Amino acid sequence: MAASIHQCHQCGMSFDSSLKNCPKCDFGRFEQNIGQRMSVDIAHNMQTLVMATEQFYDALAQAKRECFSELEVVVGGGLINREIASILEAEVWKKSIRDYRQEPHNRGAYILRL
């Protein structure tokens, strides 16, 4: 598996994403995600409900681990949408996420504040 490249938001240098800090300016790679939104589509690749739910929880964990402020989850308009809506209510109740809303002009996507 090839390593992915990350570009520093502070100084612009490209570096291997396995590094936690920029080698040039030492700015933290995940700190650069604060205020940013991570996006994931869990509904348009022939996912089953179980697969989509697993992808949701994986994306939520990754977004938190990598210090994103928001997570956009594209869920489509069917069964996955209804299931994720129920899960989101539970996640707010558990205080796992701050809140969520449907994306304006796209009822098949939710934006979560982490």
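One can find the structure itself at the top, above this paragraph.
Only a predicted model underlies this, so the values are computations on that prediction, with no experimental measurement involved.

How each quantity is defined
Residues numbered from 1 in each chain as written. Predicted model: local features only at pLDDT ≥ 70, side-chain atom pairs only at ≥ 80, totals over all residues. Heavy atoms only, no water. Pairing = 2+ DSSP bridges. Helix = DSSP H or I, 4+ residues; strand = E, 2+ residues; numbered from the N terminus. Axes fitted to C-alpha atoms, helices over the stretch in contact; angles between N-to-C directions. Contact = heavy atoms within 4.5 Å. Expected span 1.5 Å × (residues − 1).

1. Notes on the sheet that holds strand β5 (residues 99-103)
Item 1. Pairing in this open sheet of 4 strands is mixed, and the strands run β3-β4-β6-β5 from one edge to the other. Both edges of this open sheet fall to β3 (37-41) and β5, since each of them pairs with a single strand only. Neighbour to neighbour, the strand axes of the sheet diverge by 20° on average, direction disregarded.
Item 2. As defined by bridge partners, β3 adjoins strand β4 (residues 70-74) across 5 bridges and the pair is classed as parallel. When the bridges of β4 are listed, R37 appears paired with E70.
Item 3. Here helix α1 (residues 49-65) sits on the sheet in contact with β3, β4 and β6 (106-113), set at roughly 165° to β3.
Item 4. Sheet strands touched by helix α2 (residues 79-93): β5 and β6. Its angle to β6, the strand with the most contacts, is close to 20°.

2. What to know about α1
Item 1. End to end, α1 covers 24 Å across 17 residues, agreeing with the expected 24 Å (1.5 Å per residue, within 8%).
Item 2. A positive backbone phi angle near 65° is found at C67, which sits one or two residues after α1.

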